[in-house]
Amino acid sequence: MDRKNLWAPWRIGYIQGIADKAGECFLCREAAHADQHGTGLVLLRSRLSIVVLNRFPYNNGHLLIAPLRHIADLTEATDEEMLDLMHLVRDMQTLLSRAISPHGFNVGINLGRCAGAGLPGHVHVHVVPRWNGDTNFMSVCGDTKLISQSLTDLLDQLKEAAKTPGIQKPESRSQK
Ligand SMILES: [Zn+2]
């Protein structure tokens, strides 16, 4: 994603939060709490990966998809983990398209702090929905638009959309 164009001032809280809690991995924490009702922002969990709603999004519906295993880099991922991860990238694009109708997506991975990774110890794929003109609108109205839907409402909406036909359930897929 291009952070020069997407204006997201609340990300400073994310950066400071990471600095304040050095050593704590929020993806591992979310994965550990995935089965507890009301904790975290976990959208779903497959056998080897987890999908989390980004608490500090670049845009509405910004998802993070990560291997469950705490690995810093794709070079440490197994073929099975890579396949599971990319299946989820595909399925989450389908899910977001159905739920919130974006015009496009940014899909990317930041590896290392110098490349913009806020959590360099645990590799994750960003899936960021985009709409025509969103950068222009955001630069004027900022969080008025971006926070128009609360994260918990959005999470409920996406979980509901995941029940519709066509979205493969990662659990059932990984058992094939
Ligand atoms: Zn981790």
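Conventions we followed
Residues numbered from 1 in each chain as written. Predicted model: local features only at pLDDT ≥ 70, side-chain atom pairs only at ≥ 80, totals over all residues. Heavy atoms only, no water. Donors = N, O, S within 2.8 Å, 3.2 Å for Na, K, Ca; no water. Tetrahedral: all angles 85-135°; square planar, octahedral: opposite > 155°, others 65-115°. Helix = DSSP H or I, 4+ residues; strand = E, 2+ residues; numbered from the N terminus. Buried < 20%, exposed > 50% of the residue type's maximum accessible area, 1.4 Å probe, protein only. Pairing = 2+ DSSP bridges. Polar contact = N/O pair within 3.5 Å; in protein donor to acceptor, adjacent residues only side chain to side chain. Contact = heavy atoms within 4.5 Å. Expected span 1.5 Å × (residues − 1).

Points about the coordination of the zinc ion
- Within the protein, the atoms that donate to the zinc ion are Cys-25 (SG), Cys-28 (SG), His-70 (ND1) and His-122 (ND1), at distances of 2.0 to 2.3 Å.
- Angles of 104 to 115° at the metal separate the four donor atoms of the zinc ion, which places the site in the tetrahedral class.
- On the primary sequence, the residues serving as donors to the zinc ion are separated as C-x2-C-x41-H-x51-H. Of the two residues, Cys-28 is situated in helix α2 (residues 26–32) and His-70 in the loop between β3 (63–67) and α3 (79–100); the sequence distance between them amounts to 42 residues.

So, the pairing of strand β5 (residues 125–130)
- Burial of β5 is extensive: six of the six residues sit out of reach of the surface.
- Side-chain alternation along β5 places Val-125, Val-127 and Pro-129 on one buried face and His-126, Val-128 and Arg-130 on a second face that is also buried.
- Both β3 and β5 contribute to a ladder of three bridges, which runs antiparallel. Counted as the bridge partner of Leu-63 is Val-127 from β5.
- Both strand β4 (residues 104–108) and β5 contribute to a ladder of five bridges, which runs antiparallel. The partner of Val-107 across the bridge, within β5, is Val-127.

Observations regarding the side chain of Glu-30
- Among the secondary structure elements, Glu-30 is positioned in helix α2.
- With relative accessibility at 5%, the residue Glu-30 sits in the buried group.
- Here Leu-41 takes part through its backbone nitrogen, which lies 3.2 Å from a polar atom of the side chain of Glu-30.
- Excluding anything up to four places from it in sequence, Glu-30 contacts Gly-40, Leu-41, Val-42, Ile-50, Val-52 and Arg-55.

Regarding α3
- The end-to-end C-alpha distance of α3, which contains 22 residues, comes to 31 Å, matching closely the 32 Å that a straight helix rising 1.5 Å per residue would cover.
- Glu-81, Asp-84, Leu-85, Leu-88, Val-89, Asp-91, Met-92, Leu-95, Leu-96, Ala-99 and Ile-100 are the residues of α3 that are buried.
- In the segment just after α3, Ser-101 is the residue with positive phi, at about 50°.

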